[in-house]
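Below, each chain spelled out in residue letters.
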Amino acid sequence: MDPSTWLAFFGDERTIIINGQRFYAPEMATRLETESVSVARSESAHPMIKVANLTKRFQKHTNMAAVNDVSFEVGKEVVTLFGPSGCGKTTTLRCIAGLERPDSGEIMIDGKVVTSMEKGIFVPPEKRSIGLVFQSYALWPHMKVRDNVAYGLKVRHVSKREIDDRVGRVLDNVGLSGYEDRYPAQLSGGQQQRVALARSMVYEPKVLLLDEPLSNLDAKIRERTRIELKGLLQKIGISSVYVTHDQEEAFLMSDRIVVMNEGRIMQSDAPFEIYHSPSNKFVASFVGRSNLVDGTVVSRNEQGATDGDVGTVRILGNYDVQCKLPPSLKAGDKCLVMVRSNEVWLYMKPPENIRTIECDVLSREYKGAMTDHVVKVKDVTMIVSTHRFCDLNQTEAAGGKHYLYIRGESVAVVPSD
């Protein structure tokens, strides 16, 4: 122990002396607790991955960019890059991994610059302290699970004792203890996925990058495996970037979702906010099943009021809905109103004490647990989904007047442009 730091007992009082300063136990405990909380907050606030103004073009001398001025950070969390095919999510991941050289921008991992075209820095993938899991698990079919996981350590000339220790620990972490002597062909798809994850984790990387790791599994296995994978990532507690175009997967796996389109970030937020408060037309139309209808802001509450972000929008001719409004919209502005298809009430008779709007049911599409009703309100066609126990599902295939009730909680408003 440093001679300037020692413990002393004075009667029944326990005192710690640090650098000549005396602190009584309760006071010191409070100070240490405060400092530990402060350190924990600073560590959680410190981004493990930082992407700044990243741009990547596959064709030189063109304005078309696969990734266009993308910036985001990743802490101790799972961040999912989500969007349609060709939106730039996989290219962004490959740039973080060092598998692609961007045209401009900077990438930092654990505070170290690993890519900066402006500064002439490009650290190769094997020196970035990353783990990679791809769509194809690329397991060696002639090697047992133990050897598949240990292979990378062997070529790095790690000692046999350390290899055995690391492989044992990582297989235990992913729930594959006892499977060491099986070959990949003797494993299920989900188990093979866990072997690929273990192989990436055995290096003890600082970050984990996963590029649609479940896309080659069938629907039932994928549903079960992604729940297992989410639990594993939470248990491991490593900063992770996950790429998928599957919405359910993105919402289940993520602490935060980065929605991308045409190489740009459309919105970065928690899954709940992405779903209920889309920032623009693209996110509103891409996330979930929704109807986008034109609207006009009739009024909004005064600024500074507790519910100042609430107002009234008029849709479908003369139907007014009270709902949340984005800050940029004011009374008289045109807007788009997103109406979730499964959050609308559809009645065969107008209910009492509820303002509804008349509609015609054009067709019904049975989809097992849900039935989609294609309805027309004035000149607007919408889809309304009902569960299989709804009385409406027992009526004729189409035709007849029905009545819609749209609650403010079931809509989101975005600017028209």
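See the structure printed just above.
Residues numbered from 1 in each chain as written. Predicted model: local features only at pLDDT ≥ 70, side-chain atom pairs only at ≥ 80, totals over all residues. Heavy atoms only, no water.

**Observations regarding the pattern of salt bridges**
Threshold: Salt bridge, as used here, is a side-chain nitrogen of Lys or Arg placed within 4 Å of a carboxyl oxygen of Asp or Glu. Helix and strand definitions follow DSSP, with helices as H or I runs of at least four residues and strands as E runs of at least two, each counted in order from the N terminus. The buried label applies to any residue whose accessible area, calculated with a 1.4 Å probe on protein chains only, is under 20% of its type's maximum; exposed applies above 50%, and partly exposed to all values in between.
As enumerated under the stated definition, the model contains 22 salt bridges in all. Close ionic contact of Arg 226 with Asp 246 constitutes a salt bridge, the shortest N to O distance being 3.7 Å. Of this pair, Arg 226 sits in helix H6 (residues 219–236) while Asp 246 sits in the loop between strand S12 (239–244) and helix H7 (247–253), placing them 20 residues apart in sequence. By relative accessible area, Arg 226 is classed as buried at 8%.

**Concerning the layout of surface pockets**
Inclusion rule: Only protein atoms enter the calculation, which uses a 1 Å grid: trapped sets of points that fit a 1.4 Å probe without letting it out are cavities, open sets showing protein on both sides within 12 Å along at least five of seven lines are pockets, and any residue with an atom within 4 Å of a point is a lining residue. Grid points are joined across faces, edges and corners, and a volume is the space filled by probe spheres set on the points.
The computed volume of the largest pocket comes to approximately 560 Å³. Surrounding the largest pocket, 25 residues form its lining, Ile 130, Arg 156, Arg 199, Ser 200 and Tyr 203 being those nearest its centre. At the level of secondary structure, the elements contributing two or more residues to the lining of the largest pocket comprise strand S10 (130–133), helix H3 (145–155) and helix H5 (189–201).

**A look at the nonpolar core**
What counts is decided by this rule: The set of buried Ala, Val, Leu, Ile, Met, Phe, Trp, Tyr and Cys residues whose side-chain atoms join them within 4.5 Å is what this entry labels a nonpolar core. By definition in these notes, contact holds between two residues if any of their heavy atoms fall within 4.5 Å.
Counting 31 residues, the largest nonpolar core has Val 149, Leu 171, Leu 197, Leu 208 and Leu 229 as its most contacted members. Among the secondary structure elements, those contributing two or more residues to this core are H3, helix H4 (160–173), H5, strand S11 (207–211) and H6. The biggest single contributor to this core is H5, with 5 residues. Leaving out residues up to four positions away in the same chain, Leu 229 has contacts with Gln 193, Leu 197, Leu 210, Pro 213, Leu 214, Tyr 242 and Met 253.

**Considerations on the sheet that holds strand S13 (residues 256–261)**
Pairing between the strands of a sheet comes from backbone hydrogen bonds, and it takes one of two forms, parallel or antiparallel. The criterion, for reference: DSSP calls a pair of strands paired once it identifies at least 2 bridges connecting them. To obtain each axis, a line is fitted to C-alpha atoms, and for helices this fit is confined to the stretch in contact; angles are then taken between N-to-C directions over 0 to 180 degrees.
What the 6 strands build is an open sheet, ordered S10-S11-S12-S6-S13-S14; its pairing is mixed. Bordering the open sheet on either side are S10 and strand S14 (264–269), each of which pairs with just one other strand. Averaged over all pairs of adjacent strands, the angle between their axes in this sheet comes to 15°, without regard to strand direction. Note that S11 and S12 share 5 bridges and pair parallel. In the strand pairing of S12, Leu 210 is matched with Tyr 242.

**Some thoughts on the packing of aromatic side chains**
Any aromatic ring pair is given by two values, namely how distant the centres are and how the planes are angled relative to each other. Condition: For Phe, Tyr and Trp, rings pair up if their centres lie within 6.5 Å, where Trp contributes its six-membered ring, and each pair is then called stacked (planes under 30 degrees apart), edge-to-face (over 60) or tilted (otherwise).
All chains considered together, the criterion is met by 5 aromatic pairs. Here Phe 82 and Phe 286 contribute two aromatic rings whose centre-to-centre distance is 5.1 Å and whose plane-to-plane angle is 45°, an arrangement assigned as tilted. With a gap of 204 residues between them, Phe 82 in strand S6 (residues 78–82) and Phe 286 in helix H9 (residues 281–286) connect regions that are remote in the sequence. Phe 286 gets classed as partly exposed once you look at its relative accessible area, which sits at 24%. When the centroid spacing of 5.7 Å and the interplanar angle of 55° are considered together, the rings of Trp 140 and Tyr 151 count as tilted. Of this pair, Trp 140 sits in the loop between S10 and H3 while Tyr 151 is found in helix H3, placing the two residues 11 residues apart along the sequence.

**Some thoughts on the packing of H3 against H4**
Defined as follows: Roughly parallel here means an angle under 35 degrees, roughly antiparallel means over 145, roughly perpendicular means 65 to 115, and every remaining angle is called oblique. Rotating anticlockwise by less than a right angle from the far helix to the near helix defines a left-handed crossing, while the corresponding clockwise rotation defines a right-handed one. The residue classification treats Ala, Val, Leu, Ile, Met, Phe, Trp, Tyr, Cys and Pro as nonpolar and Asp, Glu, Lys and Arg as charged. All others, Gly included, are polar.
At a minimum axis distance of 10 Å, the contact between H3 and H4 shows a crossing angle of 130°. In this view, H3 runs oblique relative to H4, as classed from their interaxial angle. The two elements H3 and H4 meet at a crossing, and its hand is right-handed. Each of Val 145, Arg 146, Val 149, Ala 150, Leu 153 and Lys 154 in H3 lies in contact with H4, whose residues at this interface are Ile 163, Arg 166, Val 167, Val 170 and Leu 171. The class makeup of the residues in the contact of H3 with H4 is 8 nonpolar, no polar and 3 charged.

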